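# Results of the structural survey
Here's the letter readout for the chains.
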Amino acid sequence: QVQLVESGGGLVQAGGSLSLSCAASGVALSRYSMGWFRQAPGKEREFVAGISWSGGRTEYVDAVKGRFTISRDNAKNTVYLQMNSLKPEDTAVYYCAADRSLVLRTRQLDYEYWGQGTQVTVSS
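These lines cover the structure that appears in this document, whether it is placed above or below. (Residues numbered from 1 in each chain as written. Predicted model: local features only at pLDDT ≥ 70, side-chain atom pairs only at ≥ 80, totals over all residues. Heavy atoms only, no water.)

By secondary structure assignment, the location of Arg-67 is in the loop between strand E6 (58–60) and strand E7 (68–73). A distance of 2.7 Å separates the side chain of Arg-67 from the side chain of Asp-90, its partner in a polar contact. Discounting residues that sit within four places of it in the chain, Arg-67 has contacts with Gln-82, Met-83, Asn-84, Ser-85, Leu-86, Lys-87 and Asp-90. (Helix = DSSP H or I, 4+ residues; strand = E, 2+ residues; numbered from the N terminus. Polar contact = N/O pair within 3.5 Å; in protein donor to acceptor, adjacent residues only side chain to side chain. Contact = heavy atoms within 4.5 Å.)

This is how it looks when you write it as structure tokens:
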């Protein structure tokens, strides 16, 4: 059974930092491209960041470029999202997802496995 479990969310003041982790079991993440998505209250879930299976390519939504960094440790079967200079508009539930593709993709429907999400709240 494949499980993705996010952790590291919480409440932080604007300008602060959080580091999210996504640990996988039942699947070797080294065979998957990985993505982080988020869903704010009243909004649709959106792509935030993605990383190719090898880690050689990353992609970010414009709103987080220069502030967020996605990385992975295939030996630990874990993907990370370092979030710096957080803003109130970053408040959302953050999800990690796995896509069995050699090509890094940003559409939700391309991702096969999803975690349950972790809440990130940024106060002003």
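Text resumes after the structure shown.
Now for the environment of Asp-110. For Asp-110, the location among the structural elements is in the loop between strand E9 (92–99) and strand E10 (113–114). Each C-alpha atom, one on Asp-110 and one on Ala-98, is 8.8 Å from the other, the two residues being 12 residues apart in sequence. When sequence neighbours within four positions are dropped, the list of residues in contact with Asp-110 reads Asp-99 and Arg-105. Polar side-chain contacts of Asp-110 include one of 3.1 Å to the side chain of Arg-107.

We now examine a nonpolar patch on the surface. There is a patch of nonpolar side chains on the surface, built from Trp-53, Leu-102 and Val-103 and spanning about 320 Å² of accessible area. Mapped onto the elements of the fold, Val-103 is located in the loop between E9 and E10. (Patch = residues over 30% accessible without salt bridge, like charges linked within 9 Å, V, L, I, M, F, W, Y side chains within 5 Å. Areas by Shrake-Rupley, 256 points an atom, 1.4 Å probe, with all protein chains shown as cover. Salt bridge = Lys/Arg side-chain N within 4 Å of Asp/Glu carboxyl O.)

Another point: the state of the cysteines. Scanning all chains against the criterion turns up one disulfide. Each sulfur of the disulfide joining Cys-22 and Cys-96 lies 2.0 Å from the other. An S-S torsion of about 55° defines the bridge between Cys-22 and Cys-96 as right-handed. Of this pair, Cys-22 sits in strand E3 (residues 18–25) while Cys-96 sits in strand E9, and the two are 74 residues apart along the sequence. (Disulfide = S-S within 2.5 Å.)

Turning our eyes to something else, we now look at the side chain of Asp-99. As for its placement among the helices and strands, Asp-99 is situated in strand E9. Taking relative accessible area as the criterion, Asp-99 reaches 1% and is therefore assigned buried. If we skip the residues at most four places from it in the chain, Asp-99 touches Tyr-32, Ser-33, Arg-105, Asp-110, Tyr-111 and Glu-112. (Buried < 20%, exposed > 50% of the residue type's maximum accessible area, 1.4 Å probe, protein only.)

Nonpolar side chains tend to gather and get buried jointly when the protein is soluble and globular. Within the largest apolar cluster, 29 residues are counted, with the highest numbers of intra-cluster contacts made by Met-34, Trp-36, Leu-81, Met-83 and Tyr-94. Of all the elements in the fold, those that place two or more residues in this core are E3, strand E4 (33–39), strand E5 (46–51), E7, strand E8 (78–83), E9 and strand E11 (118–123). Not counting the four nearest positions on each side in its chain, Met-83 is found in contact with Gly-16, Ser-17, Leu-18, Leu-20, Arg-67, Phe-68, Tyr-94 and Val-120. Phe-47, Ala-97, Leu-104 and Tyr-111 belong to the second-largest nonpolar core, a separate cluster that totals five residues. (Core = buried A, V, L, I, M, F, W, Y, C linked by side-chain atoms within 4.5 Å.)

For the rest of this paragraph, the subject is the environment of Ser-123. Turning to its location among the elements, Ser-123 is positioned in strand E11. Measuring from C-alpha to C-alpha, the distance between Ser-123 and Asp-90 comes to 9.8 Å, with 33 residues separating the pair along the chain. Apart from the residues lying within four places of it in its own chain, the contact partners of Ser-123 are Leu-11, Val-12, Gln-13 and Ala-14.

Moving on to the pattern of salt bridges. Under the criterion given, the structure shown has eight salt bridges. The partner of Glu-59 in a salt bridge is Arg-57, with the nearest N and O atoms 2.8 Å apart. By relative accessible area, Glu-59 is classed as partly exposed at 26%. Across the pair Asp-99 and Arg-105 runs a salt bridge whose closest N-O atoms are separated by 2.8 Å. Shared partners join several salt bridges into a network, and the residues in it are Arg-38, Glu-46, Arg-67 and Asp-90.

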